[in-house]
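# Observations on chain architecture
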Amino acid sequence: MSNYHIKNFPEYYHVYRNSVRNPALFWEEIAEEHFIWKKKWDKVLSWDFTKPEVKWFDGAKLNITENCIDRHLATRGNKTAILFEPNNPNEPSEHITYNQLYKRVNQFANVLKTQGIKKGDRVCIYVPMIPELAIAVLACARIGAIHSVVFAGFSSTALATRINDADCKMVITADGSFRGDKTIDLKGIVDDALEHCTSVKKVLVAKRINSNVTMKAGRDFWLQPLLDKASDDCEAAEMDAEDPLFILYTSGSTGMPKGMVHTTAGYMIYTAYTFKNAFQYKENDVYWCTADIGWITGHSYIVYGPLANGATTVMFEGVPSYPDFGRFWQIVEKHKITQFYTAPTAIRALAKHGTTFVDTYDLSSLKVLGSVGEPINEEAWHWYNDSIGKKKSPIVDTWWQTETGGIMITPIPFVTPTKPTYATLPFIGIQPALLDENGKEIEGNQVEGKLCIKYPWPSMARTIWGNHKRYKDTYFSAFENMYFTGDGALRDEVGYYRITGRVDDVIIVSGHNLGTAPIEDAINEHQAVAESAIVGFPHDIKGSALYGFITLKDVSDYRDHDNLRKEINQLISDKIGPIAKLDKIQFTAGLPKTRSGKIMRRILRKIASKDTANIGDTSTLLNPECVQEIMDNSL
Ligand code: WT7
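Reading guide: rules and limits
- Position numbers for residues count from 1 along each chain, tracking the sequence in the order it is written.
- Local features are withheld for residues below a pLDDT of 70 in this predicted model, meaning they are given only at 70 or higher, and side-chain atom pairs are given and counted only at 80 or more; totals for whole chains, interfaces and linings count all residues.
- Values reported for side chains reflect all heavy atoms of the structure, with hydrogen atoms and water molecules removed beforehand.
- By definition, a salt bridge exists where a carboxyl oxygen of Asp or Glu is found within 4 Å of a side-chain nitrogen of Lys or Arg.
- Helix and strand definitions follow DSSP, with helices as H or I runs of at least four residues and strands as E runs of at least two, each counted in order from the N terminus.
- Relative accessible area decides the class of each residue, using a 1.4 Å probe on protein chains only: under 20% of the type maximum gives buried, over 50% gives exposed, and in between gives partly exposed.
- Pairing of N or O atoms within 3.5 Å defines a polar contact, subject to two protein rules: one partner must be a possible hydrogen donor and the other a possible acceptor, and residues neighboring in sequence count only if both atoms are side-chain atoms.
- Two residues qualify as a contact provided that any one of their heavy atoms is within 4.5 Å of a heavy atom in the partner residue.
- Throughout this description, the term nonpolar core refers to a set of buried Ala, Val, Leu, Ile, Met, Phe, Trp, Tyr and Cys residues connected via side-chain atoms within 4.5 Å.
- Segment limits for the domains were obtained from an automatic or database-derived domain assignment.
- Buried surface area refers to the total accessible area, computed with a probe of radius 1.4 Å, that the two partners give up upon joining, counted for both partners together.
- Nearness is defined per residue: one heavy atom within 4 Å of the molecule or strand is enough.
- Note on areas: Shrake-Rupley, 1.4 Å probe, and residue coverage restricted to the protein chains presented here.
- Axes, fitted as lines to C-alpha atoms, cover a helix only where it is in contact. Angles between the N-to-C directions of the axes lie from 0 to 180 degrees.
- In this scheme, roughly parallel covers angles under 35 degrees and roughly antiparallel covers those over 145, while 65 to 115 is roughly perpendicular and the rest are oblique.
- Note on convention: near helix rotated counterclockwise from far helix by under a right angle means a left-handed crossing. Clockwise means right-handed.
- Residues are grouped as follows: Ala, Val, Leu, Ile, Met, Phe, Trp, Tyr, Cys and Pro are nonpolar; Asp, Glu, Lys and Arg are charged; all remaining types, including Gly, are polar.
- Charge counting follows a simple rule: Lys and Arg are positive, Asp and Glu are negative, and His as well as the terminal groups are ignored.
- We treat two strands as partners when DSSP finds at least two bridges between them.
- Within the patch definition used here, like charges are joined within 9 Å and nonpolar side chains (Val, Leu, Ile, Met, Phe, Trp, Tyr) within 5 Å, considering only residues with over 30% relative accessible area and no salt bridge.
- Where a charge sits is defined by one atom per residue type, namely NZ (Lys), CZ (Arg), CG (Asp) or CD (Glu).
- Working definition: rings of Phe, Tyr and Trp (its six-membered ring) pair if their centres are within 6.5 Å, and the pair is stacked with planes under 30 degrees apart, edge-to-face with planes over 60 apart, and tilted otherwise.

Our focus in this paragraph is the pattern of salt bridges. Close approach of charged atoms allows side chains with opposite charge to pair. Enumeration over the complete set of coordinates arrives at 32 salt bridges. Of the charged contacts in the structure, one is a salt bridge between glutamate 66 and lysine 38, with a shortest N-O distance of 3.3 Å. With glutamate 66 in helix α3 (residues 64-68) and lysine 38 in the loop between α2 (23-34) and β1 (43-48), this pair connects stretches of sequence that are 28 residues apart. A residue is classified by how much of its surface remains accessible, and glutamate 66, at 18% relative accessible area, is buried. Between aspartate 562 and arginine 565 there is a salt bridge, and its shortest N-O distance comes to 3.0 Å.

What follows concerns the side chain of histidine 72. Position of histidine 72 among the secondary structure elements: in the loop between α3 and α4 (73-76). Residue classification places histidine 72 among the buried positions, given a relative accessible area of 2%. A distance of 3.3 Å separates a polar side-chain atom of histidine 72 from the backbone nitrogen of glycine 310. Setting aside residues no more than four positions away along its own chain, histidine 72 makes contact with Asn67, Gly77, Tyr98, Leu307, Ala308, Asn309 and Gly310.

So, about the nonpolar core. Ranked by internal contacts, the top residues of the largest apolar core, which has 152 residues, are Phe57 and Tyr304. The element best represented in this core is helix α6 (residues 131-143), accounting for 10 residues. Every residue in contact with phenylalanine 57, bar those within four places of it in the chain, is listed here: Trp27, Glu28, Ala31, Trp41, Lys43, Val44, Ala241, Ala265 and Ile269.

So, on to helix α8 (residues 186-194). Most of α8 sits inside the fold, with 7 of its 9 residues counted as buried. Along α8, the positions that sit buried rather than exposed are Leu186, Lys187, Gly188, Val190, Asp191, Ala193 and Leu194.

With that out of the way, let us pick up the domain arrangement of the protein chain. With domains assigned, the protein chain is organised as domain 1 (9-489) and domain 2 (510-632). Domain 1 and domain 2 are separated by 33 Å when their C-alpha centres are compared. Contacts between the two partners involve 18 residues from domain 1 and, on the opposite side, 20 residues from domain 2. Both faces considered, domain 1 and domain 2 share a buried interface measuring about 1,300 Å² in area, 51% of it formed by carbon and sulfur atoms.

With that out of the way, let us pick up the site of the ligand. By nearness alone, 18 residues border the ligand, and Asp397, Thr398, Thr402, Asp487 and Arg502 come closest of all. Contacts to the ligand include aspartate 397, whose side-chain N or O atom sits 2.7 Å from a nitrogen atom. Between asparagine 513 and the ligand, the recorded distance is 3.2 Å, taken from a side-chain N or O atom to an oxygen atom. Here the ligand, which alone exposes 550 Å², has 95% of that area covered by the protein.

Axis angle and axis distance: for two packed helices, these are the angle between their axes and the distance between the axes, and together they describe the pair. Running from N to C, helix α16 (residues 516-524) and helix α17 (residues 561-575) point in directions that differ by 125°, and their axes come no closer than 9 Å. By the angle between their directions, the pair α16 and α17 is classed as oblique. Once α16 is placed against α17, the crossing between them reads as right-handed. Taken together, the residues of α17 that come into contact with α16 (itself represented by Ile519, Ala522 and Ile523) are Ile568, Leu571, Ile572 and Lys575. Across the contact of α16 with α17, the residue classes tally to 6 nonpolar, no polar and 1 charged.

Positionally, aspartate 397 belongs in strand β20 (residues 395-397). The side chain of aspartate 397 is buried and forms no salt bridge, while arginine 498, the nearest opposite charge, is found at 7.8 Å.

Attention now goes to the pairing of strand β15 (residues 258-263). Within β15, 6 of the 6 residues are buried, leaving the element largely enclosed by the surrounding structure. Burial along β15 is two-sided: the residues Lys258, Met260 and His262 and Gly259, Val261 and Thr263 are all buried. Examined bridge by bridge, strand β14 (residues 244-250) and β15 share 6 bridges and lie antiparallel to one another. Along β15, the bridge assignment pairs proline 244 with threonine 263. Note that β15 and strand β23 (residues 463-464) share 2 bridges and pair antiparallel. Across the sheet, the residue bridging to valine 261 is threonine 463, located in β23.

The strand order across the open sheet formed by 8 strands is β12-β11-β8-β6-β7-β14-β15-β23, and the pairing between neighbours is mixed. In this open sheet, the two edge strands, each paired with only one partner strand, are β12 (220-222) and β23. Sheet analysis places strand β6 (residues 122-126) next to strand β8 (residues 170-174), joined by 4 bridges and oriented parallel. The residue bridging cysteine 124 from the neighbouring strand is valine 171, located in β8. In this fold α6 packs onto β6, β7 (146-149), β8, β11 (202-206) and β14, with an angle of close to 175° to the strand it touches most, β6.

Here we come to a negative patch on the surface. A contiguous patch of negative charge on the surface is contributed by Asp232, Asp233, Glu235 and Glu238. If you trace the backbone, glutamate 238 turns up in the loop between α9 (223-229) and β13 (239-240).

Taking strand neighbours across the sheet as the criterion, the 4 strands line up as β21-β22-β24-β25 in an open arrangement whose pairing is antiparallel. One side of each edge strand has no neighbouring strand; the edge strands of this open sheet are β21 (432-435) and β25 (497-502). For this sheet the average axis-to-axis angle between neighbouring strands, irrespective of direction, equals 45°. One ladder, built from 6 bridges, connects strand β22 (residues 447-453) with strand β24 (residues 483-491); its direction is antiparallel. When the sheet's bridge partners are listed, cysteine 452 is paired in β24 with phenylalanine 484.

All right, on to the environment of lysine 472 then. Within the fold, lysine 472 resides in helix α15 (residues 468-475). Here lysine 472 falls in the partly exposed class, since its relative accessible area comes to 32%. Along the backbone, lysine 472 and threonine 50 are 422 residues apart, and their C-alpha atoms lie at a distance of 8.1 Å.

Before going further, it helps to spend a moment on the pairing of β1. The pairing of β1 with strand β2 (residues 53-58) spans 5 bridges and is classified as antiparallel. Counted as the bridge partner of lysine 43 is aspartate 58 from β2. Taking the residues between adjacent antiparallel strands as the criterion, β1 and β2 are bridged by 4 residues.

One pass over the full model with this rule turns up 47 aromatic pairs. Between tyrosine 267 and tyrosine 304, the aromatic rings sit 5.7 Å apart at their centres with planes inclined by 85°, giving edge-to-face as the arrangement. Here tyrosine 267, found in helix α10 (residues 265-278), pairs with tyrosine 304, found in helix α11 (residues 296-308); they are 37 residues apart in sequence, far enough to count as distant. Each member of the pair, tyrosine 267 together with tyrosine 304, is buried. Taken together, a centroid distance of 6.5 Å and an interplanar angle of 70° make the contact between phenylalanine 340 and tyrosine 384 edge-to-face. Here the residue phenylalanine 340 occupies a position in strand β18 (residues 339-342), and tyrosine 384 occupies one in helix α14 (residues 378-388), the gap between them amounting to 44 residues.

Here it is, written out as structure tokens:
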């Protein structure tokens, strides 16, 4: 009998030991007992990190939607699968049962087919947090099309880049979206993007805000009339275990965003198993993850993980501040939420308002609180624990990445004693390691190093779409025979992990992983800009915010700086999205460089975080004189 559900610490310890002694045997038992297969596998695991190549359950045939929907119909047909809470609290919420979800996914899948989508085709989904988003994702999976969800807050340029990189044949979108008291013209953004995309043949448009949009004849179709005509019966495609399920883009430190490719069987098993345990989900619980399905958190822990467990998963369209800062807590009370999963940036933004917006609501249904996206600072941790959890709901600080597919280091609630700011212990089957500068593993406790993973786990990304070399270079080349996470971590005296942050040129702003290079590229397109460097600096609410050091082509031209600042931020907003805007922009005469011409971000980081006492030796720089000037004018 496999241990699908971990109930106490000795059991965790025992199961963990077994899972790392014989991973293939461990995951095979989980796969056998808790999922349905059209055909079983030939081999549980084969791997080689030097290629790198990882295959789980090779030879098996399955469809993930049969595991997430069909198999629940007999026992949970009338249970709510997706509970949709709209942006506007006066609009009714919608309960979609497993029976209804089955029908709606099948109808949507049939529409995809009649619109020419086949197994293996890429479909871009640019839809706000409305039920059609989850249904579109599942409809793709039903017929074996590869979904590429692009967060519906990204700009048309960012959207076009992603559509082109994956060669998408179709875009699914909506007329627009509601976000607090604003509406966003999504269809207009799609139209702009498609000026630069030749691969897209069809656009399906869901109606949400009833705006006037232009529909291009032969290309654009309203979704609902097509759904109305479609049969609600669609056979689930037979997929190989290692067939791609989806592509999801994450920013890199250089160049193009990386299209992380996740495959079917391993992803399904790992997201389901982690969901069950990291949130201790029980049959009648109402689970809510506040993330957007445009991020990996939403893929794994709004859609696939919860549905594979037959759970009720909440989808929230709105924002935490609308109509006021009590919105989250009002929803918790309204739907008697049992597990609540959010990001430190949201916690900090809400904590700023004390408990005024908390105290009016009954939060007694809460059992487990989750955090993800960046290190949670001590103050936010305590506010979450005291004011929201009333010291009785354990906080699961879950560390993972787009690349890992599922939660990697986390307490298991009621099992692992928590410790503020610590993600604590590796999840079942996960073998972390800390490495030093020389690539040597650091053993023992009370140590700090670069966080790597030693052994494959089922939900790891298998490649970067169209660029396996970049996959190898980014994750498997820094340290021999290890997956390198890009994060630093420390291990305390009992072996608990604390993630200290990124060690590369990625900055986490409000939980969004932003590569500095694409932002710099956008800035450098401004005609007045010669070059730029972006660094992060500590920010009360966002965790980190962006500080740009920018050199102008005409150094003597200090005219009208505020206008220039606005133009630069507008450019960033257009090219990447408003989340990447700079909080501070300092115009400098030069940027500190090494003799090989590489910008010394380490120095700029110190200046941005007002830590100039520790700036270190600058004498080896090509242009040490610029450092004083930058310090004198820092913001
Ligand atoms: C990076 C991955 C995984 C879903 C959301 C982000 C940081 C994530 C934690 C945590 C400290 C965290 C890491 C990681 N991060 N969770 N609990 N504690 N840092 O996914 O955009 O791929 O970003 O987010 O730096 O590498 P992502």
